[in-house]
Structures are given as structure tokens and as C-alpha cells.
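Structural overview
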Amino acid sequence: MRIVNRSEKEAHIIQSAITAFAQNGYEKTSISDIASRAGIATGGIYNYFKNKEDLFERCCTHIYDRFTEGMADSTEKGNKVYHAVLYALRFFRSNIEYARILLMEAKNFAIRFPDTGVLNQWHERFVDFIQEVLRDELPPIDRKDEHSFYVSLMVGGIESILMLWLFRPGILNMTEEGIALQMARIVRHEVYREKTVG
């Protein structure tokens, strides 16, 4: 299949790069590897991207954009905390390459290139999403942090589950629904407990 539309070709290169970065890691992936996967000449990549760093950042943006496309729809139902966690788990489990890039490669990339916004972009979008869900569903906490601890707990919990799925598959014998239900129960219980104790 010959791709002639510029935006389609760019999307094809990004998807080829995502596969390469997920399989080989950022450091071990070369532009020629990506070009080969995309079925184009190595020099053709530079018609779309300045260099490997630029291409990797665009891959991360693509992942974040795909993730945020379904976020709002996922929490239109009741029990928003549950549905937010369930959406994140299902999204990354069905796009395991995205999980690998986000959890491993983007973090390493951010260490190597500290001026990049790759990791901040993910955290801003995901943290804002979780923060909004908590504000909508749970009672306010009378402190300035506005559920920040619970947001960190949820984001860290989701990332830990994804790491288990990536590196220790089969160790966690719970469904996505079961994990989301437990996380929602824990957060809800603690917020309400804090309201009555605090």
C-alpha cells in the first residue's frame, strides 16, 4: 500500500516508531530501523521529523492524544473514580506498546533530555483528569492540596499495575474491573474517613 497523503505518511512513521521504540527502547532504536519498518528511505524520515528526539516526542504526543480522546466519555457515568481507573487500565492493556513507552522510555528520555516536556505532558493531562474526577465525585477536603495525595496514589497505583502487566504478567490475578473497583473503594473510603476524622 502506497501512502501519498503527507499526514497519513507521518502517522504511519509515528506508528512504526512506536513499535520500534517499544520493542527495542529509545537508545537501541535507530532512524534507519524506523524507516525500514515504515518502508521508506532513511532520509525520508527527515522530511517529517528533525531527528530521533523530535520523532520520539511526537510518538509520546500521539499516545497522550489517543489517551485523552476517550477520557471524558469514560467518566460520564456514575462512579467516576472507578470508571477513570478502568479506562486507564483498559486503554494501556489494549495498547501495551503505549504503556511500555510511557512507563519506561519516556521516563528515561526525560532523564537524558531534561528540557523536554515529554513526561510533564503525560502527568499534566492524567493528573488533571484524575483531579477533576475526584473533585466531581468526592466531597471537598478542607485543605489546599485538593485531593493531591489521592491523585498521586491513583496515578502511582495505575502505573504500578501496568508495570506488573509488562514485566510480571500473570502475577496479578485480578480483572481490570476488580482492580478499578478496589482502587475506587480505597480512595473513597479514605476521603470519607478523613472528612469525619479531620
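That block above? That's the structure.
Now for a quick tour of the structure. Every value quoted in this text rests on a predicted model; they were computed, and no experiment measured them.

Helices that pack against each other are described as a pair by the angle of their axes relative to one another and the distance between those axes. At a closest axis distance of 10 Å, the pairing of helix α7 (residues 96–112) and helix α9 (residues 148–167) adopts a crossing angle of 110°. With respect to each other, α7 and α9 are oriented roughly perpendicular. Across the interface between the two elements, I96, A99, R100, L103, M104 and K107 of α7 pack against E159, L162, M163, L166 and F167 of α9. Looking at side-chain class alone, the contact of α7 with α9 contains eight nonpolar, no polar and three charged residues.

Turning to helix α8 (residues 118–137), a few remarks are in order. Taking 1.5 Å per residue as the helical rise, α8 with its 20 residues ought to reach 28 Å, and the 29 Å between its terminal C-alpha atoms agrees with that figure. Buried residues of α8: V118, L119, W122, F126, F129, I130, Q131, V133 and L134, and no others.

Positionally, T19 belongs in helix α1 (residues 6–28). Within the local environment of T19, its side chain forms a polar contact with the side chain of E97, the two groups lying 3.4 Å apart. Discounting chain neighbours no more than four positions away, the residues touching T19 are R37 and E97.

Parameters at a glance
Residues numbered from 1 in each chain as written. Predicted model: local features only at pLDDT ≥ 70, side-chain atom pairs only at ≥ 80, totals over all residues. Heavy atoms only, no water. Axes fitted to C-alpha atoms, helices over the stretch in contact; angles between N-to-C directions. Helix = DSSP H or I, 4+ residues; strand = E, 2+ residues; numbered from the N terminus. Parallel < 35°, antiparallel > 145°, perpendicular 65-115°, else oblique. Contact = heavy atoms within 4.5 Å. Nonpolar A, V, L, I, M, F, W, Y, C, P; charged D, E, K, R; others polar. Expected span 1.5 Å × (residues − 1). Buried < 20%, exposed > 50% of the residue type's maximum accessible area, 1.4 Å probe, protein only. Polar contact = N/O pair within 3.5 Å; in protein donor to acceptor, adjacent residues only side chain to side chain.

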